[in-house]
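# Residue-level structure breakdown
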Amino acid sequence: QVQLVESGGGLVQAGGSLRLSCAASGGTFSNYIMAWFRQAPGKEREFVVSISWNGSTYYAGSAKGRFTISRDNAKDTMYLQMNSLKPEDTAVYYCAARRGVIVTQRYNYDYWGQGTQVTVSS
């Protein structure tokens, strides 16, 4: 059973940056595809970006060029560097894990963190 804990959320002005972290425990971290999802108020949870064990990535269009995902398998931790933040990036950000290949559908991920709030003011 994998446990995931996000951190690093907060309030930032438009154009600013935040770095989210997701610490994993309870499993062999390098065995898992890791991903970030987000959920804005009144909206469905949406895929942001995913990373495989060896660093291959897949970004949603909204994240390309502004967000960078990375992972440190030695530290069992995944990161999301978010730059040029916009008010529409405001959401609860969740990390998720699954085995297999990168996919974007949330129901294909087996493990979830509790989420961290990101608020971008205009």
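Residues numbered from 1 in each chain as written. Predicted model: local features only at pLDDT ≥ 70, side-chain atom pairs only at ≥ 80, totals over all residues. Heavy atoms only, no water.

## Brief notes about the state of the cysteines
What we call a disulfide is simply a covalent bond connecting the sulfur atoms of a pair of cysteines. Tallied over the entire structure, the rule returns 1 disulfide. The disulfide bridge from C22 ends at C95, spanning 2.1 Å between sulfur atoms. Residues C22 and C95 share a disulfide whose torsion about the S-S bond is about 60 degrees; that sign makes it right-handed. Taken as a pair, C22 in strand β3 (residues 18–25) and C95 in strand β9 (residues 91–98) lie far apart in primary sequence, 73 residues in all. (Disulfide = S-S within 2.5 Å. Helix = DSSP H or I, 4+ residues; strand = E, 2+ residues; numbered from the N terminus.)

## A closer look at the environment of N73
Note on placement: N73 falls in the loop between β7 (67–72) and β8 (77–82). Its relative accessible area of 30% is what places N73 among the partly exposed residues. In this structure the C-alpha to C-alpha distance between N73 and V5, which are 68 residues apart in sequence, comes to 15 Å. Excluding anything up to four places from it in sequence, N73 contacts F29, S30 and W53. Within the local environment of N73, its side chain forms a polar contact with the side chain of R71, the two groups lying 2.8 Å apart. (Buried < 20%, exposed > 50% of the residue type's maximum accessible area, 1.4 Å probe, protein only. Contact = heavy atoms within 4.5 Å. Polar contact = N/O pair within 3.5 Å; in protein donor to acceptor, adjacent residues only side chain to side chain.)

## Some thoughts on the pairing of strand β4 (residues 33–39)
Within β4, 6 of the 7 residues are buried, which leaves the element mostly enclosed by the surrounding structure. Examined bridge by bridge, β4 and β9 share 7 bridges and lie antiparallel to one another. Each bridged residue has a counterpart across the sheet, and for R38 the counterpart in β9 is Y93. Sheet topology places β4 next to strand β5 (residues 46–51); 5 bridges connect them, and they run antiparallel. The residue of β5 that forms the bridge with F37 is F47. Following β4, the chain reverses through 6 residues before pairing antiparallel with β5; G42 in that reversal takes a positive phi of roughly 80 degrees. (Pairing = 2+ DSSP bridges.)

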